[in-house]
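Each chain, written out:
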Amino acid sequence: SSSKILIKGGTVVNAHQQEIADVYIEDGIIVAVKPSIKVSDDVTVLDATGKFVMPGGIDPHTHLGMEFMGTQSVDDFFSGQAAALAGGTTMHIDFVIPVNGSLSAGLEAYKDKAKKSCMDYGFHMAITKWDEIVSREMEIMVKEQGINSFKFFMAYKGALMINDELLLEGLKKCKSLGALAMVHAENGDAVFEGQKKMIELGITGPEGHALSRPPVLEGEATARAIRLAGFVNTPLYVVHVMSTDAMEEIARARKSGQRVIGEPVVSGLVLDDSGIWDPDFTTAAKYVMSPPIRASGHDKALQAALSTGILQLVGTDHCVFNSTQKAFGIDDFRKIPNGVNGIEERMHLVWDTMVESGQISVTDYVRLTSTECARIFNIYPRKGAILAGSDADIIIFNPSSSFEITTRSHHSRSDTNVFEGKRGKGKVEVTIAGGRVLWNNGELNVVPGSGKFIKMPPYSYLFGGIDKADAKYLSSLQAPVKRSKAAT
Ligand code: URP
Ligand code: ZN
Ligand code: ZN
Ligand code: ZN
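Small disclaimer: the values here were computed from a predicted structure and weren't measured.

Chemist: An account of the overall build of the protein is requested, with residue identities and associated values reported.
Modeler: Broken down by element type, the protein carries 15 helices and 18 strands. Taken over C-alpha atoms, the radius of gyration comes to 23 Å for the protein, in line with the 23 Å a tight globule of 488 residues would show. Overall, the protein is about 95 × 60 × 45 Å in size when its C-alpha atoms are taken along their principal axes. Residues classed as buried in the protein amount to 54% of the 488 residues present. A fraction of 76% describes how many contacts in the protein between residues 6 or more apart in sequence connect residues 24 or more apart.

Next comes the structure, spelled out in structure tokens:
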């Protein structure tokens, strides 16, 4: 039966160590991790000799079935998760978008979207306006709904964008709730100007997208968000770090002791901007995302930052649109829906780019693709580890095999793939999620409705010491300088 599984003879890799051991699973939970486990005949045995047995990937950044730019991303909670499982990812965290500013209405809509889930998922929530109701709803989300992170969009003027006043209110509220503030860091007002300028110059094609929002605008917003979070004294998570400019702001803040987390995404790590200059509109438009995929050099710098601990984990920002949807912007790049692939490709591309190239170890790989995400969002070691008691979300990875990415063979509903033709070493041969074998050597066996919502509690390790730091800061403010009365 599928409820009892033994994975035999593999190299079990956790973020803290690797060892040759067997892994025994019962009813969705890892029961034992040790050498030479003996089992009865009713147990499914998978031979992992010569292979790595690793925690399933956790993608901290996806947009499945997202209503955005007048349309909806084509991978929903079923097709996007099926693609994820085929690529070795067993959990993702998606962004709830409020409905007319209402968090609870947004949550209801996303609970509905997620009913067809075939793997576990969690939610972040976007904050798009500010008033007493939003403030109260944030508290309900954290205390009752299992959401411990809120995203603030500093870009998308006239749509999702918030101003500094709202960002400050949000940062203070996050801090008081033990929730993590996340930012999409681009200067939306300047982007708006840049877009107008491009259109005035007659640059209406996809390259106008990249030209209108250069790295300096990402660096500025990243620096601003970091400084405001420092002023409030609360941790900050910068999503989709795409440029050296933004990365260097994070490096500086971390060096000074500030709790800032930086998340690069696969497209930013392995691609450069050459695609967006393609003379074919459909080809160029598939690369349109925000912040844009940067000129060659930024990719290598982000890889180096990841390998040296300046950046902590890898997401995808998976948010795919078909060519017909991208064609909304055939005469005006501002109407091309923003978003690219990644949920199925992340595990393979990070392995090939980072491990196979010698930049990181196998244990680092587990940390960057799974464990660190579980720690940051406070669900470790239920997720992100192969330990007795952890959820049985596991991949068997063959480092001697190879992968190739093509639209023909991918499991996403998207009719294009920004990683088209990429190939490399390593292959996810088996994906076990919730204790069931859902991907086995090219065969996908997923059931809608089998995925669970994972509640994420507040106050992760990032919040340690905040009260003490605050007390020190406040006492310095509250001790008025003693001055003698001026002589009369
Ligand atoms: O282009 C992107 N990134 N689309 C998804 C929305 C967002 O900003 O994350
Ligand atoms: Zn974003
Ligand atoms: Zn995103
Ligand atoms: Zn595939």
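Chemist: Tell me what's going on with the UniProt feature "modified residue: N6-carboxylysine" (unreviewed entry) in the protein, and back it up with residues and numbers.
Modeler: Within this numbering scheme, the UniProt entry marks K151 as carrying the feature "modified residue: N6-carboxylysine" (unreviewed entry). Position of K151 relative to the elements: it lies in strand 11 (residues 149-153). Non-local contacts of K151, meaning those with residues more than four positions away in its chain, are made with F95, H124, A126, M182, H184 and V239.

Chemist: Would you mind going over the site of ligand 1 in detail, with residue names and values included?
Modeler: H63, H184, H240, M289, S290, D317, C319, N338 and G339 make up every residue found near ligand 1. By residue class, the composition of the shell around ligand 1 is two nonpolar, six polar and one charged.

Chemist: Tell me about the pairing of strand 11, and name the residues and values.
Modeler: Most of strand 11 sits inside the fold, with five of its five residues counted as buried. Both faces of strand 11 are covered, namely the face carrying S149, K151 and F153 and the face carrying F150 and F152. One ladder, built from two bridges, connects strand 10 (residues 120-126) with strand 11; its direction is parallel. The residue bridging M125 from the neighbouring strand is F150, located in strand 11. Between the parallel pair strand 10 and strand 11, the chain is carried across by helix 3 (residues 132-144), and the sense of this crossover is right-handed.

Chemist: I'd love a proper account of the sheet that holds strand 10, names of residues and values included.
Modeler: Sheet architecture is open: seven strands sit in the order 6-9-10-11-12-13-14, paired in parallel fashion. The open sheet is flanked by strand 6 (57-62) and strand 14 (260-262), the only strands paired with a single partner. Across this sheet, the average inter-strand angle for adjacent strands is 25 degrees, counted without regard to direction. With four bridges connecting them, strand 6 and strand 9 (residues 89-96) associate as parallel partners. Bridge pairing links T62 to D94 in strand 9. In the packing of helix 1 (residues 79-86) onto the sheet, the strands contacted are strand 6 and strand 9, and the crossing angle to strand 9 comes to about 145 degrees.

Chemist: Describe the packing of helix 7 (residues 215-232) against helix 8 (residues 244-255), naming the residues involved and giving the relevant values.
Modeler: Between helix 7 and helix 8, the least distance of the axes is 7 Å, while the angle of their chain directions is 25 degrees. By the angle between their directions, the pair helix 7 and helix 8 is classed as roughly parallel. The handedness of the crossing between helix 7 and helix 8 is right-handed. Every residue of helix 8 that contacts helix 7 at P215, V216, E218, G219, T222, A223 and I226 is listed here: T244, D245, A246, E249, I250 and A253. Here the residues of the contact of helix 7 with helix 8 sort into seven nonpolar, three polar and three charged.

Chemist: Break down the pairing of strand 2 (residues 18-26) for me, citing the residues and quoting the values.
Modeler: By the bridge criterion, eight bridges tie strand 1 (residues 4-13) to strand 2 in an arrangement that is antiparallel. What sits directly across from T11, in strand 2, is I20. Between strand 1 and strand 2, which follow one another and run antiparallel, lie four residues. With five bridges connecting them, strand 2 and strand 3 (residues 29-34) associate as antiparallel partners. Residue pairing across strands places I25 opposite I30, the latter belonging to strand 3. Connecting strand 2 to the antiparallel partner strand 3 that follows it, the hairpin turn spans two residues, and D27 within it adopts a positive phi of roughly 50 degrees.

Chemist: Got a sec to walk through the packing of helix 8 against helix 11 (residues 298-307)? Specific residues and values, please.
Modeler: Contact pair helix 8 / helix 11: the axes reach a minimum separation of 9 Å and the direction vectors enclose 25 degrees. Regarding the angle of helix 8 to helix 11, the classification is roughly parallel. Classified by chirality, the crossing of helix 11 by helix 8 is left-handed. Each of T244, M247 and A251 in helix 8 lies in contact with helix 11, whose residues at this interface are H298, A301, L302 and A305. Considered class by class, the residues forming the contact of helix 8 with helix 11 number five nonpolar, two polar and no charged.

Chemist: Go over the environment of G101, please, and point to the residues and values.
Modeler: Here G101 lies in the loop between strand 9 and helix 2 (103-113). Separated by 68 residues in the primary sequence, G101 and V33 place their C-alpha atoms 47 Å from one another. Discounting chain neighbours no more than four positions away, the residues touching G101 are T128, K129 and V134.

Chemist: Describe helix 5 (residues 188-200), naming the residues involved and giving the relevant values.
Modeler: With 13 residues, helix 5 ought to run about 18 Å at 1.5 Å a step, and its terminal C-alpha atoms sit 18 Å apart, in line with that. If you check which residues of helix 5 are buried, you get G188, V191, Q195 and M198. One side of helix 5 carries all its buried residues, which in axial view fall inside an arc of 70 degrees. Away from its buried face, by an angle of more than 90 degrees, helix 5 presents the exposed residues K196 and E200. Residues of helix 5 that are buried make contact with helix 6 (207-212) and helix 7.

Chemist: Got a sec to walk through helix 7? Specific residues and values, please.
Modeler: Its 18 residues place the ends of helix 7 26 Å apart at the C-alpha level, agreeing with the 26 Å of an ideal helix rising 1.5 Å per residue. Among the residues making up helix 7, those that are buried are P215, L217, E218, G219, A221, T222, A225, I226, A229 and V232. Buried-residue contacts for helix 7 involve helix 4 (164-177), strand 12 (180-184), helix 5, strand 13 (236-238), helix 8 and strand 14. In the stretch just after helix 7, N233 is the one whose phi turns positive, near 65 degrees.

Chemist: Any details on the environment of E132? Residues and values, ideally.
Modeler: Checked against the element boundaries, E132 lands in helix 3. The spatial distance from the C-alpha of E132 to the C-alpha of R294 is 39 Å, given a sequence separation of 162 residues.

Thresholds, definitions, all that
- Residues numbered from 1 in each chain as written.
- Chains lettered and ligands numbered in written order.
- Predicted model: local features only at pLDDT ≥ 70, side-chain atom pairs only at ≥ 80, totals over all residues.
- Helix = DSSP H or I, 4+ residues; strand = E, 2+ residues; numbered from the N terminus.
- Rg over C-alpha atoms; globule rule 2.2 N^0.38 Å.
- Buried ≥ 20, exposed ≤ 12 C-beta atoms within 10 Å, placed from the backbone.
- Contact = placed C-beta atoms within 7 Å.
- UniProt positions renumbered as here; feature names shortened; annotations may be inferred.
- Near = placed C-beta within 6 Å.
- Nonpolar A, V, L, I, M, F, W, Y, C, P; charged D, E, K, R; others polar.
- Pairing = 2+ DSSP bridges.
- Right-handed = clockwise from strand over helix to strand, strands pointing away.
- Axes fitted to C-alpha atoms, helices over the stretch in contact; angles between N-to-C directions.
- Parallel < 35°, antiparallel > 145°, perpendicular 65-115°, else oblique.
- Left-handed = near helix turned anticlockwise from the far one by under 90°.
- Expected span 1.5 Å × (residues − 1).
- Arc of directions from axis to C-beta.

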